[in-house]
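Coordinate inspection notes
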Amino acid sequence: VTRFEAWLLHLANLLVGGTGIAYAVVRYLLDPPDPFASVHPWQGPVAHAHVLAAPLLVFGLGLVFRAHAWAGVQLEVGARRRSGLVLVASAAPMIVSGYLLQVAIEPLWRSLWSWLHLATGALWLGAAVAHLVASRERVPRAGE
Ligand code: HEM
Ligand code: HEM
């Protein structure tokens, strides 16, 4: 991963993950200040920001996929393997459910994609943090 790719991915995770969490809070935890409104006034803007930021993450992922992520899987790199594999596994269901949410109309499908997206989004974000934090750990050398 080059420094540029790393910063792009960290920025995209911050924007997409931040707006994703904010959206969940606004939608499920906050009550609208106006008792006659069905949704919180921030729900629309936060959802829009989330959807607009998402392509940056998809692009960043594509940028490092072959040379870094897939190479890491194939070469059986030891360092950061666990979080890396969770990133690889959660990427496709997170992205696909994000897009299916935008085209699903029936309530049953909407709630299915919504749950899948929430679960895989949380998994991705947790793994992204773990993947970064792992870099701060020093691997002990033999004889230490
Ligand atoms: C860090 C990764 C992500 C997290 C934590 C996250 C989180 C969330 C959450 C909590 C919701 C609300 C789900 C609901 O109530 O139905 C949501 C909605 C959504 N997400 Fe994500 N998401 C992530 C990545 C993505 C990506 C990569 C895409 C695009 C491919 C995407 C597209 C969407 C869409 C379209 C919605 C529905 C917005 C609406 O209702 O208008 N998300 N996301
Ligand atoms: C979708 C999958 C993946 C993404 C998005 C990803 C992303 C990243 C990013 C952004 C960094 C730089 C962190 C920093 O220092 O700022 C990094 C480093 C690293 N990752 Fe991954 N990674 C993925 C999969 C994997 C896999 C599968 C492995 C190994 C099995 C792996 C092993 C490593 C290692 C060893 C480093 C430190 C060396 C380097 O910067 O290249 N990663 N990864």
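1. Overview of the site of ligand 2
The immediate surroundings of ligand 2 are formed by 19 residues, with H10, L61, H68, R80 and H131 found nearest. Backbone polar atom of V1 to an oxygen atom of ligand 2: 3.4 Å apart, as the coordinates give it. A distance of 2.8 Å separates a nitrogen atom of ligand 2 from a polar atom in the side chain of H68. For the shell around ligand 2, the secondary structure elements donating two or more residues are helix 1 (3-29), helix 2 (43-75), helix 3 (81-103) and helix 4 (107-133). The leading source of residues in the shell around ligand 2 is helix 2, at 5 residues. Considered class by class, the residues forming the shell around ligand 2 number 11 nonpolar, 5 polar and 3 charged.

2. Regarding the packing of helix 1 against helix 2
Following both chains from N to C, one finds helix 1 and helix 2 inclined at 150°, their axes separated by 8 Å at the closest point. With respect to their mutual orientation, helix 1 and helix 2 come out roughly antiparallel. Considering how the two elements wind past one another, helix 1 and helix 2 form a crossing that is left-handed. In terms of residue class, the contact of helix 1 with helix 2 is made up of 21 nonpolar, 6 polar and 2 charged.

3. Points about the site of ligand 1
In the vicinity of ligand 1, 23 residues are found, and the nearest of them are Y28, H50, Y99, S114 and H117. H117 places a side-chain nitrogen or oxygen 2.8 Å from a nitrogen atom of ligand 1. Where the shell around ligand 1 is concerned, the elements lending two or more residues are helix 1, helix 2, helix 3 and helix 4. For the shell around ligand 1, the leading source of residues is helix 1, giving 7 residues. Grouping the amino acids of the shell around ligand 1 by side-chain chemistry returns 14 nonpolar, 8 polar and 1 charged.

So, how was this worked out
Within each chain, residue numbers correspond to sequence positions counted from 1 in written order. The naming scheme follows written order: chains are lettered A onward, ligands numbered 1 onward. Local features in this predicted model are restricted to residues of pLDDT 70 or higher, and side-chain atom pairs are both shown and tallied only at a pLDDT of 80 or more, whereas totals for entire chains, interfaces and linings draw on every residue. Heavy atoms from the whole structure form the basis of all side-chain values; hydrogens and water molecules are not counted. The rule for a residue being near a molecule or strand is that one of its heavy atoms must lie within 4 Å of it. Any pair of N or O atoms that falls within 3.5 Å is considered a polar contact. Within protein, one atom must be able to donate a hydrogen and the other to accept it, and sequence-neighbouring residues count only if both atoms are side-chain atoms. For helices the rule is a DSSP run of H or I covering at least 4 residues; for strands it is a run of E covering at least 2, with both sets numbered from the N terminus onward. In this classification, the charged set is Asp, Glu, Lys and Arg, the nonpolar set is Ala, Val, Leu, Ile, Met, Phe, Trp, Tyr, Cys and Pro, and all remaining amino acids, among them Gly, are polar. Under this scheme, a helix contributes an axis fitted over its contacting stretch, all axes are lines through C-alpha atoms, and angles between N-to-C directions fall in the 0 to 180 degree range. For classification purposes, an angle smaller than 35 degrees is called roughly parallel, one larger than 145 roughly antiparallel, one from 65 to 115 roughly perpendicular, and anything else oblique. Two helices cross in a left-handed way if the nearer one is turned anticlockwise from the farther one by less than a right angle. They cross in a right-handed way if the turn is clockwise.

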